Amino acid sequence: MTQTRLMQGLLLCLACAQHLAVAATLTVGVLGLDDDARYQPRRLEHAYPGQPTGRALDAAAVAVEESALEVEAAGHKLVVKSFMAASAAELPRALAQLKAAKVQHVLLDLPDEAMKAVLASAPASLGPSILFNIGSGADALRGSGCVANLLHTYPSEAMRSDALAQFLAARSWNQALVLYGPRAQDQLQLDAFLRSAKRYGVKVGKSTAFKLSADPRERALSNVRLLTNDKSYDVVVVIDSDGEFARGIPFNTQWPRPVLGANGLVPLAWHPQWDLNGGPQLSRRFMRAAKRPMTGQDWAAWAAVKAVVGVLTTAPKATVAEQLQMLRRGDVAVDGFKGPRLTFRGWDGQLRQPLFLAHGDGVAAAAPFEGVLHPTEVLDTLGVDEKESICRNRP
């Protein structure tokens, strides 16, 4: 009997070894820029809310490691590799390297302009592939500039501003003073918030531009007390894509008012103090691997890899085109450790997901909020719904 069991064990080990030997190795590529301003050391030191604090490769590696057994059971081996371009001008060379390495799943960790350049050239440069936007909230990438094989695990500006407006409506904080910055991205975020405010009944009594300047003639544009002197508002919403001005708003307003937006209470894809749905375990795994807290951009990179894992384990022999269809149809869901299982929207490729309204020490609330209704999927109350979408490039 002992010899029989020993023989069975040897045969099982041999079968496992043969299975691993024939496992197909697939590479998930992370495409980034060496000179990306978001990752300059001085900027990373500031760690402004909602901004990245390290490269996305860290989170992608965590997702690959924790998924190794289930991927191998499906007959694959998954690895992650960084593909870096020195500057935006060098991106074509990085795309050629991706193609030469036969990478068909690419995480795009790029500034908006570089992202647009890659999307314009990717079909010819990469061939059949699935691209994941893991760091840009630009609504245009989900709308007029959408691409059929581009999926978004990072939330859009429309989603983040909807979460903020839902929070204000739920608290009956209906009068908002909006302070916004001079950058083009600030204007896009302002447009998104004004849309959300109208959608959820938040009244914007006044929108005022700010400017950080050493010019004495412009000093009033950076004086927080002067900018917040009007008394007829419940909250201050600060829109600052840079983050430098916003950090000086809380507790510096003329009147005692909550601050939301780019500081104070911030809509985020992830917060390391989220303590439900397995969140602490995910945050601890990431902290051990990366030696820093997990941000929303990290979570988006992790979720993108988990989406790849999902299609590989659901349909191990599916082509890339079939994988894309499965994801866009919602046939494959991602456990994002946020509660509900998450699926991609068919109309713009955006991953549906709850968003956290968080401050430095924790999560105050999660959107969508109780009482917000939708005919089919309440997560679609965050962002652009199907009837609103202007995306026409669908697979």
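These numbers come from a predicted model, not from an experiment.

Here is what the cut-offs are and how they apply
Residues numbered from 1 in each chain as written. Predicted model: local features only at pLDDT ≥ 70, side-chain atom pairs only at ≥ 80, totals over all residues. Heavy atoms only, no water. Phe/Tyr/Trp six-rings, centres within 6.5 Å; stacked < 30°, edge-to-face > 60°. Helix = DSSP H or I, 4+ residues; strand = E, 2+ residues; numbered from the N terminus. Buried < 20%, exposed > 50% of the residue type's maximum accessible area, 1.4 Å probe, protein only. Lys NZ or Arg CZ within 6 Å of the ring centre and 35° of its normal. Disulfide = S-S within 2.5 Å. Pairing = 2+ DSSP bridges. Right-handed = clockwise from strand over helix to strand, strands pointing away. Salt bridge = Lys/Arg side-chain N within 4 Å of Asp/Glu carboxyl O. pLDDT = per-residue confidence, 0-100. Contact = heavy atoms within 4.5 Å. Axes fitted to C-alpha atoms, helices over the stretch in contact; angles between N-to-C directions. Expected span 1.5 Å × (residues − 1). Arc of directions from axis to C-beta. Polar contact = N/O pair within 3.5 Å; in protein donor to acceptor, adjacent residues only side chain to side chain. Left-handed = near helix turned anticlockwise from the far one by under 90°. Nonpolar A, V, L, I, M, F, W, Y, C, P; charged D, E, K, R; others polar.

Draft legend 1. Region of the structure containing the packing of aromatic side chains. In the structure shown here, the tally under the stated rule is seven aromatic pairs. An angle of 25 degrees between the planes, with centres 4.4 Å apart, marks the rings of tryptophan 274 and phenylalanine 356 as stacked. Of this pair, tryptophan 274 sits in the loop between strand S10 (266-268) and helix H10 (279-290) while phenylalanine 356 sits in strand S13 (residues 355-359), and the two are 82 residues apart along the sequence. Among the residues examined, phenylalanine 356 registers a relative accessible area of 0% and is labelled buried. The ring of tyrosine 233 carries the charged tip of arginine 257 above its face, separated from the ring centre by 5.3 Å. Across the ring face of tryptophan 299, the terminal group of lysine 338 is positioned such that the distance to the ring centre comes to 3.9 Å.

Draft legend 2. Molecular detail of the state of the cysteines. Under the defined criterion, the tally for this structure stands at one disulfide. Note on cysteine connectivity: cysteine 146 is disulfide-linked to cysteine 391, with sulfurs 2.1 Å apart. Here cysteine 146 and cysteine 391 share a disulfide; its torsion about the S-S bond, 95 degrees, makes the bridge right-handed. With a gap of 245 residues between them, cysteine 146 in the loop between strand S4 (130-133) and strand S5 (150-152) and cysteine 391 in the segment after strand S14 (362-367) connect regions that are remote in the sequence. Each of the two residues, cysteine 146 as well as cysteine 391, counts as buried.

Draft legend 3. Local environment of the pairing of strand S7 (residues 203-209). With six bridges joining them, strand S6 (residues 175-180) and S7 adopt parallel strand pairing. Considered in S7, the bridge of tyrosine 180 is made with alanine 209. This β-α-β element, S6 to helix H8 (residues 184-200) to S7, shows right-handed connectivity.

Draft legend 4. Up close: unusual backbone geometry. Here the residue pair alanine 367 and proline 368 is connected by a cis peptide bond, since its omega of 10 degrees sits within 30 degrees of zero. With respect to the helices and strands, proline 368 occurs in the segment after S14. We note that lysine 291 has phi near 60 degrees; this positive angle belongs to a residue other than glycine. Its place among the elements puts lysine 291 in the loop between H10 and helix H11 (296-314). Under the relative-accessibility criterion, lysine 291 is labelled exposed at 66%.

Draft legend 5. Spotlight on the pattern of salt bridges. If you walk through the whole model with that rule in mind, you get 20 salt bridges. Residue arginine 93 is joined to glutamate 90 by a salt bridge in which the shortest nitrogen-to-oxygen separation is 3.5 Å. The exposure class of glutamate 90 is partly exposed, given its relative accessible area of 28%. Between glutamate 388 and arginine 199 there is a salt bridge, with the nearest N and O atoms lying 3.5 Å from each other. Taken as a pair, glutamate 388 in the segment after S14 and arginine 199 in helix H8 lie far apart in primary sequence, 189 residues in all. Residue classification places glutamate 388 among the partly exposed residues on the basis of a relative accessible area of 39%.

Draft legend 6. Just the confidence of the model for the chain, in detail. When the pLDDT values of the chain are averaged, the result is 93; 94% of them are 70 or greater. Residue range residues 8-21 is modelled with pLDDT below 50. Its contacts to residues more than four positions away, or to other chains, number four contacts.

Draft legend 7. Layout of the sheet that holds S6. Spatially, S7-S6-S8-S9 is the arrangement adopted by the four strands of the open sheet, whose pairing is parallel. Here the strands that pair on one side only, and so sit at the sheet edges, are S7 and strand S9 (259-261). Ignoring which end each strand starts from, the neighbouring axes of this sheet average 25 degrees apart. With three bridges joining them, strand S8 (residues 235-239) and S9 adopt parallel strand pairing. Across the sheet, valine 237 pairs through a bridge with leucine 260, a residue of S9.

Draft legend 8. Summary view of H10. Relative to the 16 Å expected for twelve residues at 1.5 Å per residue, H10 spans 16 Å between its end C-alpha atoms, a close match to the ideal helical length. Those residues of H10 that sit buried are Gly279, Leu282, Ser283, Phe286 and Ala290. Each buried residue of H10 sits inside an arc of 95 degrees when the element is viewed along its axis, so together they form one side. Next to the buried residues of H10 lie helix H3 (57-66) and H11. Just past H10, the residue lysine 291 takes up positive phi, approximately 60 degrees.

Draft legend 9. Region of the structure containing the environment of serine 232. As for its position among the elements, serine 232 is in the loop between helix H9 (224-227) and S8. Spatially, the C-alpha atoms of serine 232 and glutamine 325 are 50 Å apart, while their sequence positions differ by 93 residues. At 3.0 Å, the side chain of serine 232 forms a polar contact with the side chain of aspartate 230.

Draft legend 10. View of the side chain of arginine 328. Within the secondary structure, arginine 328 sits in helix H12 (residues 320-329). A polar atom in the side chain of arginine 328 sits 3.0 Å from the backbone oxygen of alanine 148.

Draft legend 11. Examining the packing of H3 against H10 more closely. Contact geometry for H3 and H10: axes closest at 10 Å, N-to-C directions at 115 degrees. Where H3 crosses over H10, the handedness of that crossing is right-handed. On H10, the residues touching Asp58, Ala59, Val62 and Glu66 of H3 are Leu282, Arg285, Phe286, Ala289 and Ala290. For the contact of H3 with H10, the residue count by class is six nonpolar, no polar and three charged.

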